[in-house]
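Each chain is listed here by its residues.
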Amino acid sequence: LKALPDEMLDILAEIMKGMAEEGDWLRQFEQVDVVGIPKPDDPNSLRLIGIFSVIYRAWACHVAKVMLRWVDTWAPPGLKGGLQKRECADVFVAVACAISVATAEDDNIAGATGDVEKYFDMAPRIPMRDAAVAWGMPRAFMDGRLKFANLVRRRSRVAGSLGTPW
């Protein structure tokens, strides 16, 4: 991709943007092989990663960076982790303190979490899409991402063999 002229990259970016907004993705992006790589702290445990196409990965990385910059423009001080000058460790300290205070005062406590960069992997997709739209993310873009997340079929790749898509 680095060797492509800017004009070609602009065309490719427009194609990706169109697919994201319309939710009409190329079939080649829908099939993802999942492989396991050893965790550095425990070589007997594997971290599963999806191997997406280079074009999709480059585009998704760019979109994630744009989304995080956008969140930085409006994020309240209580929103932590993954933002400039807001480490994930801040979340753990704040939650631990809040739980300690609530327990000491025999009070109730509640909270929520969302992962903007990879949230379709872990969070309920529709509520997260609705929250992103309520916060100002374009509805068409979020609908396209939701459709993509629902279309992707993963298959395990182990020792050169491919499993059944899931």
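Report follows, based on the coordinates. If you're wondering where the values come from, they're calculated on a predicted model, not measured in any experiment. (Residues numbered from 1 in each chain as written. Predicted model: local features only at pLDDT ≥ 70, side-chain atom pairs only at ≥ 80, totals over all residues. Heavy atoms only, no water.)

With respect to the environment of G50
The condition that has to hold: Helix and strand labels come from DSSP, where a helix needs a run of H or I of at least four residues and a strand needs a run of E of at least two; each type is numbered from the N terminus. The contact criterion used is simple: two residues touch if any of their non-hydrogen atoms lie within 4.5 Å.
Relative to the elements of secondary structure, G50 occurs in strand β2 (residues 42-51). Sequence spacing of G50 and R27 is 23 residues, and the spatial spacing of their C-alpha atoms is 16 Å. Once residues lying within four places of it in the same chain are set aside, the contact partners of G50 are V32, D33, V34 and R57.

Considering the sheet that holds strand β1 (residues 31-39)
Rules: Strands are treated as partners if at least two bridges between them are detected by DSSP.
The sheet built from four strands is open, its strands ordered β2-β1-β3-β4 with mixed pairing. Each end of this open sheet is capped by a strand with a single partner; those strands are β2 and β4 (161-162). Sheet topology note: the β1/β2 ladder contains seven bridges and is antiparallel. Note on β2: the bridge partner recorded for I37 is R47.

Focus: helix α3 (residues 54-74)
Rule in force here: A helix is expected to span 1.5 Å multiplied by its residue count minus one. Burial status follows relative accessibility: with a 1.4 Å probe on protein chains alone, a residue under 20% of its type maximum counts as buried, one over 50% as exposed, and anything between as partly exposed.
The terminal C-alpha atoms of α3 lie 31 Å apart, and with 21 residues this matches the ideal 30 Å at 1.5 Å per residue to within 8%. Of all the positions in α3, only Y56, W59, V63, A64, M67, L68 and V71 are classed as buried.

Structural notes on the environment of A159
By the element assignment, A159 lies in the loop between β3 (153-158) and β4. Between the C-alpha atoms of A159 and V35, which are 124 residues apart in sequence, the distance is 9.5 Å.

Side note on the nonpolar core
Rule in force here: As used here, the term nonpolar core means buried Ala, Val, Leu, Ile, Met, Phe, Trp, Tyr and Cys residues forming a set that is joined through side-chain atoms within 4.5 Å.
Within the largest apolar cluster, 17 residues are counted, with the highest numbers of intra-cluster contacts made by M16, W25, F29, Y56, W59, F141 and F148. Looking at this core, the elements with two or more residues in it are α1 (6-22), α3 and α7 (139-151). Top contributing element to this core by residue count: α3, with four residues. In contact with F148, other than residues within four places in its own chain, are W25, F29, F52 and Y56.

Describing the packing of aromatic side chains
Heads up, the rule is: Aromatic rings from Phe, Tyr and Trp, with only the six-membered ring used for Trp, were paired whenever their centres fell within 6.5 Å, and each pair was classed as stacked if the ring planes differed by under 30 degrees, edge-to-face if by over 60, and tilted otherwise.
The full count for this structure, using the stated rule, is 11 aromatic pairs. Their ring planes at 50 degrees and their centres at 6.1 Å tell us that F29 and Y56 sit as a pair that is tilted. Of the two residues, F29 is situated in helix α2 (residues 27-30) and Y56 in helix α3; the sequence distance between them amounts to 27 residues. Both residues of the pair, F29 and Y56, belong to the buried class. Relative to F148, the ring of Y56 lies with its centre 4.7 Å away and its plane at 25 degrees, an arrangement referred to as stacked. Of the two residues, Y56 sits in helix α3 while F148 sits in helix α7, which places them 92 residues apart along the sequence. By the burial criterion, Y56 is buried, and F148 matches it. One aromatic cluster in this structure is built from W25, F29, F52, Y56, W59 and F148.

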